[in-house]
Amino acid sequence: MTDHRTRFLQLALRAEALRFGEFTLKSGRSSPYFFNAGRFDSGAAMAELARCYADAIDAAAEAGTVADFDLLFGPAYKGIPLATALACEYAGRGRDLPLAFNRKEAKAHGEGGSLIGAPLQGRRVLIVDDVITAGTAIREALGIITAAGGVVAGIVIALDRQEAVDPAKSRRSAAQTVAIEHGLPVIAVASLADLLAFAADSVELTAQREQLLAYRERYGSAETA
């Protein structure tokens, strides 16, 4: 496992953004783990998270799996602090990237509209978010960017759960579905496969690993088969 994946999972556990137990997901499934990026709630945690994102993106760029980009876009709401922290991290690395995000409700006064930040016109945009669950927020972001004259270069998320949206119909995950439908690379800082490898090397997580494996067997996407 690459270093940014290990660092991300360690950070997620320390921040309790990654927890184990019995959780009912929005889909109604009972999951042995839960990820909540909202728990990265300090400056230090966000700074380290941004380093993990940047390292994952740079690794994908070196491998040729993501096209060049020149603007970061954070979908409301969780994508906003994530894209902002990532922009600050890249600035520290000597790359000053413009940043934009959307409002959930269009503003009727002042400058108006639903977009804040740098203009999207003519930009190659990297969307920054926490997860892709059903893909609804990402599809909304794609529409906003296209309507504003931008071109989406890819999507980066923190954790890919690698589970099929509807196992009875297809073994595609939400991330796979978005990638295929829109012809875009989806980069994950870490995935369920990484979490399983991490748990195998951790005495503290040994008990959780069997439950994770059983969950993957039942709901795992084609890439985990």
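All residue numbers here refer to positions counted from 1 along the written sequence of the relevant chain. The model is predicted, so local features are restricted to residues of pLDDT at least 70 and side-chain atom pairs to those at 80 or more, both for listing and for counting; the totals for chains, interfaces and linings are taken over all residues. Hydrogens and waters are ignored; side-chain quantities use all the structure's heavy atoms.

Colleague: Would you take a moment to explain the packing of aromatic side chains for this structure?
Modeller: Any pair of aromatic rings gets described here by the distance separating the centres and the angle formed by the planes. We call Phe, Tyr and Trp rings a pair once their centres come within 6.5 Å, taking the six-membered ring for Trp, and we label the pair stacked below 30 degrees between planes, edge-to-face above 60, and tilted otherwise. Overall, the coordinates contain seven aromatic pairs when judged by the stated rule. With centroids separated by 6.3 Å and ring planes inclined at 65°, the aromatic side chains of phenylalanine 69 and tyrosine 90 adopt a geometry described as edge-to-face. Taken together, the residues phenylalanine 69 in the loop between helix H2 (43–63) and strand E3 (71–74) and tyrosine 90 in helix H3 (residues 79–92) connect sequence positions 21 residues apart. Taken together, the aromatic side chains of Phe8, Phe35 and Phe40 make up a single cluster linked through ring pairs. Charge-over-ring placement is defined geometrically: NZ (Lys) or CZ (Arg) within 6 Å of the ring centre, and within 35 degrees of the ring normal. One cation-aromatic arrangement involves arginine 95 over phenylalanine 69; the distance from NZ or CZ to the ring centre is 4.5 Å. The numbering of helices and of strands both runs from the N terminus, where a helix is a DSSP run of H or I of at least 4 residues and a strand a run of E of at least 2.

Colleague: Explain the pairing of strand E6 (residues 124–128) to me, please; I cannot follow it from the model alone.
Modeller: Regular strands show a simple pattern: their side chains alternate between the two faces of the sheet. Think of it in three bands: residues with accessible area under 20% of the maximum for their type are buried, residues over 50% are exposed, and the middle band is partly exposed, with areas taken using a 1.4 Å probe on protein chains only. Within E6, four of the five residues are buried, which leaves it mostly tucked inside the rest of the structure. Pairing between two strands is assigned when DSSP locates at least 2 bridges connecting them. As defined by bridge partners, E6 adjoins strand E7 (residues 151–160) across five bridges and the pair is classed as parallel. Counterpart to valine 128 in the pairing with E7 is valine 156. Here, the term right-handed applies to a crossover whose path from the first strand over the helix to the second runs clockwise when the strands point away from the viewer. In this fold, E6 hands off to helix H4 (residues 136–147), which returns the chain to E7; that crossover is right-handed.

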